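Here's the letter readout for the chains.
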Amino acid sequence: MTTCWVPGAADTPYGVQTLPYGAFRRSEGEQRLGVRIGDFVLDLRGAEDADLILAGGALSESTLNAFLTLGRAQWTTVRRRIVELLTEAEHRAAIEPLLIPLAEVDLVMPFTVGDYVDFYSSEQHASNVGQIFRPGQPLLTPNWRHLPIGYHGRAGTVVVSGTPIVRPSGQRRSSDGPVFGPSGRLDIEAEVGFVVGVPTVLGDRVPTDRFADHVFGVTLVNDWSARDIQAWEYQPLGPFLGKSFATSVSPWVVPLEALDHAWVPAPAQDPPVLDYLREDDRRGLDLSIVVEWNGTRVSEPPFAGMYWTPAQQLAHLTVNGASLRTGDLYASGTVSGARRDQVGSFLELTWGGTEPIKLDDGSERTFLEDGDTVTITATAPGPAGSTVGLGDVTGTVHPAR
Ligand code: MN
């Protein structure tokens, strides 16, 4: 790997092995696209204006969507060029004025979300939820090993990391019948999101081996969930208002090229899946996720063990001919490992709220309280022993209105 000349960037999770894309605003400036390098953001519009990067104007837009439509060949070409600019000494004088300290910018939503789909692809998570929500019944529903279960979420309430999360109100069950009020069981779901770049036309399918032709990259997701609202409303059509009030994403979209060294064999599937879900080489991503609750590290969910892969999810999502739009976001579903300290939701961490956990300040929690902050981060293995950072997605709970 070539050495980056940007001060402090080499040997960090945000060296040239990563180069995630985002959008930023300076105090009085307009929204611009940027690439993170170390603790700086490279102003991509400035680089395009100076003909340092050629992307047909796509990087001078205020969101990533135009760039997302360009496709893998151009995504890779632009990435290679950015690596050149940040590693070759001859470009330093031209690029240095375009590097803005992260501390001087506000990071904003980097892409306009098309449709938002959320899957349910962790066997451990699905089994845990089955035990908590449907005790005495089989852990997994009969369809679970035959298709990646998902639902369509609310694209308009996907928000960038740092957006306040107002506690939702809604109906929940009580012993005297349904009551209305603020959720008392507000929870998180630590997930990994996949951002679609190249669209399809109605009627087309995306087979598993075309995943990388359509998916641009990865972003961390917190699928906030009101468990009491969810438990009362979710049968028979699935999650609705218990999820749609807010879904937070990282301000950074990490391109698939940065994750070339993170692919690992996915778990074997038994029984065998139908042909359209088959992959010659089933691969998952070895992402190490960390969940912090008010600064206390409460869980480290491993993404590598997910039962359904992102390529299978995309194949399933389009097998009926549903088209893809640029900016579509599909999330993995809550990532949970086998151990209690590897679960991706507080529902599981506190076993339905029956086993409180203690935070570092000595306080106890079952579900989120007003003022609580949750931060989800992740890393992946990069080339030559380096680490790829996936940014973070954070949010603070505000009182119900
Ligand atoms: Mn979810």
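Residues numbered from 1 in each chain as written. Predicted model: local features only at pLDDT ≥ 70, side-chain atom pairs only at ≥ 80, totals over all residues. Heavy atoms only, no water.

### With respect to the pattern of salt bridges
Summed over the entire model, instances satisfying the criterion amount to 22 salt bridges. The residue glutamate 189 makes a salt bridge to arginine 227 at a minimum N-O spacing of 2.9 Å. One end of the pair, glutamate 189, is in the loop between β12 (186-187) and β13 (190-196); the other, arginine 227, is in helix α7 (residues 227-233), and 38 residues separate them in sequence. The buried category is assigned to glutamate 189, whose relative accessible area is 4%. With its nearest N and O atoms 2.9 Å apart, the salt bridge here joins arginine 340 to glutamate 355. With arginine 340 in the loop between β22 (329-331) and α10 (346-349) and glutamate 355 in the loop between α10 and β23 (357-358), this residue pair connects regions lying 15 residues apart in the sequence. On the accessibility criterion, arginine 340 (35% relative accessible area) is partly exposed. Accessibility expressed as a relative area gives 36% for glutamate 355, which makes it partly exposed. Taken together, the salt bridges that share partners define one network made up of Asp187, Glu189, Asp223, Arg227 and Lys243. (Salt bridge = Lys/Arg side-chain N within 4 Å of Asp/Glu carboxyl O. Helix = DSSP H or I, 4+ residues; strand = E, 2+ residues; numbered from the N terminus. Buried < 20%, exposed > 50% of the residue type's maximum accessible area, 1.4 Å probe, protein only.)

### Re the sheet that holds strand β20 (residues 288-293)
Pairing is mixed in the open sheet, where five strands are placed in the order β9-β26-β25-β20-β21. Of all strands in the sheet, those with a lone pairing partner are β9 (165-166) and β21 (296-299), marking the two edges. Examined bridge by bridge, β9 and strand β26 (residues 387-398) share two bridges and lie parallel to one another. Bridge pairing in β26 places valine 166 opposite histidine 398. (Pairing = 2+ DSSP bridges.)

### A few points about the side chain of threonine 318
Examined against the element boundaries, threonine 318 turns out to sit in helix α9 (residues 310-318). A polar contact is formed between the side chain of threonine 318 and the backbone oxygen of leucine 314, at a distance of 3.0 Å. Residues contacting threonine 318, with those up to four places away along its chain left out, are Asp204, Arg205, Val206 and Leu324. (Polar contact = N/O pair within 3.5 Å; in protein donor to acceptor, adjacent residues only side chain to side chain. Contact = heavy atoms within 4.5 Å.)

### Things to note about the domain arrangement of the protein
Accessible area lost on assembly of the parts is the figure often given for the size of an interface. Each assigned domain of the protein is listed here: domain 1 (21-108) and domain 2 (116-398). Computed from C-alpha coordinates alone, the two centres of domain 1 and domain 2 are separated by 29 Å. Each partner contributes residues to the interface: domain 1 has 20 residues there, and domain 2 has 19 residues. Area buried by domain 1 at its contact with domain 2 is led by Tyr21, Leu68 and Arg72, which between them contribute 39% of it. Counting every contact that joins domain 1 to domain 2 gives one salt bridge. In this structure, glutamate 257 and arginine 72 form a salt bridge, with 2.8 Å as the shortest nitrogen-oxygen distance. At the surface where domain 1 touches domain 2, the tally comes to five residue pairs in polar contact (both at pLDDT 80 or more). (Domains from an automatic or database assignment. Buried area = accessible area lost by both parts, 1.4 Å probe.)

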